[in-house]
Amino acid sequence: MEIDYQPEESIVSSFDEDSVDLGDVKDMRLEAEAVVNDVLFAVTEMHVSQSLNSASDVAYINVEIREGNRYCLELTEAGLRVVGYAFDQVDEDLSTQYHETVYSLLDSLSPGYREAFGNALLQRLERLKQNGQ
């Protein structure tokens, strides 16, 4: 049996990369923005790198801590780690420890961060106490 198939309309696929549903996969660029927004109050400067290529599995964050030191951080599923000692610098030979959270990483680098974080926590507790009375 022979079947003649003649499509009435050709199928054109339009693939929009931004509209892909990643399901449970995290987009590290979005994660990096969230990290920056979360701790910006406790550092001198922090932003997602515009010069280093971020992807769905890696992003780079530049941070200047209160003590004046600058770092380039790598964010992956494994966590955060220092990959350079200047903005937008990745030293392939540098082997530093991964931290599960940005809080842990900054806590290990900056006494000024610890102080700012502690002060912010105390202020918030004071506001909660005042609102509760």
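Residues numbered from 1 in each chain as written. Predicted model: local features only at pLDDT ≥ 70, side-chain atom pairs only at ≥ 80, totals over all residues. Heavy atoms only, no water.

As annotated in an unreviewed UniProt entry, the protein chain carries the name GSKIP domain-containing protein and is attributed to Monopterus albus. Quoted verbatim from the Sequence similarities (unreviewed entry) heading of the UniProt record, the comment on the protein chain is "Belongs to the GSKIP family." (UniProt positions renumbered as here; feature names shortened; annotations may be inferred.)

**Details of the nonpolar core**
Met46, Ile61, Val63, Leu73, Leu80, Val102 and Leu106 are the most contacted members of the largest nonpolar core, which totals 24 residues. Elements represented by at least two residues in this core include exactly helix 1 (28-39), strand 1 (45-48), strand 2 (59-64), strand 3 (70-76), strand 4 (79-84), helix 2 (102-109) and helix 3 (111-132). The dominant element in this core, judged by the number of residues it contributes, is helix 1, at 5 residues. For isoleucine 61, the residues in contact, after removing those within four places along its chain, are Ala32, Val35, Val36, Met46, His47, Val48, Ser49, Tyr71, Cys72, Leu73 and Leu80. Counting 5 residues, the second largest nonpolar core, distinct from the first, contains Leu52, Val58, Tyr60 and Cys72. (Core = buried A, V, L, I, M, F, W, Y, C linked by side-chain atoms within 4.5 Å. Buried < 20%, exposed > 50% of the residue type's maximum accessible area, 1.4 Å probe, protein only. Helix = DSSP H or I, 4+ residues; strand = E, 2+ residues; numbered from the N terminus. Contact = heavy atoms within 4.5 Å.)

**Some words on the pattern of salt bridges**
Two side chains with opposite charge may pair up if their charged atoms get near one another. Overall, the coordinates contain 5 salt bridges when judged by the stated rule. We note a salt bridge from glutamate 74 to arginine 81, for which the minimum N-O separation is 2.9 Å. With respect to burial, glutamate 74 and arginine 81 carry one shared label: buried. Linked through salt bridges whose partners overlap, the residues forming this network are Glu45, Glu64 and Arg70. (Salt bridge = Lys/Arg side-chain N within 4 Å of Asp/Glu carboxyl O.)

**Side note on the sheet that holds strand 4**
If you trace the 4 strands from one edge of the open sheet to the other, you get 1-2-3-4, paired in antiparallel fashion. A single partner strand is all that each edge strand has here, and the edge strands are strand 1 and strand 4. Averaged over all pairs of adjacent strands, the angle between strand axes in this sheet comes to 25°, irrespective of strand direction. Inspection of the sheet shows strand 2 paired to strand 3 by 6 bridges, in the antiparallel sense. When the bridges of strand 3 are listed, alanine 59 appears paired with leucine 75. The sheet contacts of helix 1 involve strand 1, strand 2 and strand 3, and relative to strand 1 the element is tilted by about 165°. Lying over the sheet, helix 2 contacts strand 1, strand 2, strand 3 and strand 4, oriented at roughly 40° with respect to strand 4. (Pairing = 2+ DSSP bridges. Axes fitted to C-alpha atoms, helices over the stretch in contact; angles between N-to-C directions.)

**Focus: the packing of helix 1 against helix 2**
Viewed as axis vectors pointing N to C, helix 1 and helix 2 meet at an angle of 55°, and their least axial separation amounts to 11 Å. As judged from the angle between their axes, helix 1 and helix 2 are oblique. By crossing handedness, the relation of helix 1 to helix 2 is classed as right-handed. For the pair helix 1 and helix 2, the contacting residues are Val35, Asp38 and Val39 in the first and Val102, Tyr103 and Leu106 in the second. By residue class, the composition of the contact of helix 1 with helix 2 is 5 nonpolar, no polar and 1 charged. (Parallel < 35°, antiparallel > 145°, perpendicular 65-115°, else oblique. Left-handed = near helix turned anticlockwise from the far one by under 90°. Nonpolar A, V, L, I, M, F, W, Y, C, P; charged D, E, K, R; others polar.)

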